[in-house]
Amino acid sequence: MEKIDELGYIPRLLFKFYLKLKERFDPTPQTKEEELFCIEICKNLISNQNSKLTIAPVSNKRYIKNDEKDMFIVINDRTISLINHVYSYNVYIENNKLYYDITQLFDNELEKRRVELEDEIKSNIKHSLKSILDKVSQNSPSILS
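Conventions used here
- Residues numbered from 1 in each chain as written.
- Predicted model: local features only at pLDDT ≥ 70, side-chain atom pairs only at ≥ 80, totals over all residues.
- Heavy atoms only, no water.
- Helix = DSSP H or I, 4+ residues; strand = E, 2+ residues; numbered from the N terminus.
- Buried < 20%, exposed > 50% of the residue type's maximum accessible area, 1.4 Å probe, protein only.
- Contact = heavy atoms within 4.5 Å.
- Polar contact = N/O pair within 3.5 Å; in protein donor to acceptor, adjacent residues only side chain to side chain.
- Salt bridge = Lys/Arg side-chain N within 4 Å of Asp/Glu carboxyl O.
- Phe/Tyr/Trp six-rings, centres within 6.5 Å; stacked < 30°, edge-to-face > 60°.
- Pairing = 2+ DSSP bridges.
- Axes fitted to C-alpha atoms, helices over the stretch in contact; angles between N-to-C directions.
- pLDDT = per-residue confidence, 0-100.

Visitor: Any chance you could explain the overall build of the chain here in plain terms?
Guide: A count of helices and strands for the chain gives three helices and five strands. Along the chain, helices and strands appear, N-terminal first, in the series α-α-β-β-β-β-β-α. Taking all 145 residues of the chain together, the buried fraction comes to 21%. Nonlocal contacts in the chain, meaning residues at least 24 apart in sequence, comprise 40% of its contacts between residues at least 6 apart.

In C-alpha cells:
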C-alpha cells in the first residue's frame, strides 16, 4: 500500500510545483481602473432603455448609442471605444472574463429587446387578422362557430 501512495505523491508534488512556477512567471494581469470604469459605463448604457443597441453580424461589432447621454460606444475585438463630441477613448480589455461578461450582457439585452419587438409585432398581426375576419364575416357564416 505504501508503494501506491508514493506513486501518487510524486505527480501531486510535481503538479503543485508547476502551479507555483506558473503563478510566478505567468501571472494574470491586474484589471486596470480604466477597464473597470469602461465596463461600468457600458453596463449602465446597455441597461438604459433609451440606448439603441445594434450588432453587425459580419464584423461582430456591437454598437450602443444613447442620445440622452450623448454617448456612442463601439465594442470590437477586446477594445471598447467611448465617443462623444468632446472626447474619444479607446480602452483595451485584457481581462477575458470582463470582456466575455460585457459582450454577454449586450447580447442578452439585445435578444430581450428583439423578443419584445417580435411579440409586439405578432400581437398587432393577431389584432389586424381579427379585424379583417370581423369585416369579412359580417355577411357570411363563421367557420369558428
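Visitor: Help me out: how do you make sense of the side chain of Arg 62 in this one?
Guide: You can see Arg 62 is positioned in strand 2 (residues 61-66). Here Asn 60 takes part through its backbone oxygen, which lies 3.3 Å from a polar atom of the side chain of Arg 62. Those residues in contact with Arg 62 that sit more than four places away from it in its chain are Thr 54, Ile 55, Ile 73, Val 74, Ile 75, Thr 103, Phe 106 and Asp 107.

Visitor: How do you make sense of the pattern of salt bridges when you look at a structure like this?
Guide: Under the counting rule described, the total for this entry stands at 11 salt bridges. A salt bridge links Asp 101 to Lys 97, with the shortest nitrogen-to-oxygen separation between them at 2.9 Å. Here Lys 97 and Asp 101 lie together in helix 3 (residues 96-136), a separation of four residues that amounts to about one turn. Lys 97 sits in the exposed class, given a relative accessible area of 56%. The shortest N-O distance in the salt bridge between Glu 118 and Lys 122 comes to 3.7 Å. Of this pair, Glu 118 and Lys 122 both sit in helix 3, four residues apart, which is roughly one turn of that helix. Residue Glu 118 is classed as partly exposed on the basis of its relative accessible area of 34%.

Visitor: What should I look at first to understand the packing of aromatic side chains in this one?
Guide: What characterises a pair of aromatic rings is the spacing of the ring centres plus the angle enclosed by the ring planes. Here the structure, examined in full by the defined rule, presents three aromatic pairs. Centre to centre, the rings of Tyr 87 and Tyr 89 are 5.4 Å apart; their planes meet at 45°, and the pair counts as tilted. Taking relative accessible area as the criterion, Tyr 89 reaches 49% and is therefore assigned partly exposed.

Visitor: Honestly, the sheet that holds strand 5 (residues 88-92) in this entry has me stumped. Any pointers?
Guide: Across a sheet, strands are paired by hydrogen bonds formed along the backbone, either parallel or antiparallel in direction. If you trace the five strands from one edge of the open sheet to the other, you get 1-2-3-4-5, paired in antiparallel fashion. Strands at the two margins of the open sheet, each flanked by one partner only, are strand 1 (52-56) and strand 5. Neighbour-to-neighbour, the strand axes of the sheet open up by a mean angle of 15°, direction not taken into account. Bridge analysis of strand 2 against strand 3 (residues 71-76) gives five bridges, and the strand direction is antiparallel. Counted as the bridge partner of Ile 64 is Ile 73 from strand 3.

Visitor: Explain the confidence of the model for the chain here, please?
Guide: When pLDDT is low, close inspection of the predicted coordinates is not appropriate. On average, residues of the chain score 86 in pLDDT, and 86% of them reach the 70 mark or higher. Per-element mean pLDDT across the chain ranges from 73 in helix 1 (residues 2-25) up to 97 in strand 2.

Visitor: Would you explain the pairing of strand 5 in this entry?
Guide: Within a regular beta strand, the side chains point alternately toward one face of the sheet and then the other, so they alternate between its two faces. One ladder, built from five bridges, connects strand 4 (residues 79-83) with strand 5; its direction is antiparallel. Residue pairing for strand 5: Ile 83 is matched across the bridge by Ser 88. In sequence, strand 4 turns back onto strand 5 through a hairpin of four residues.

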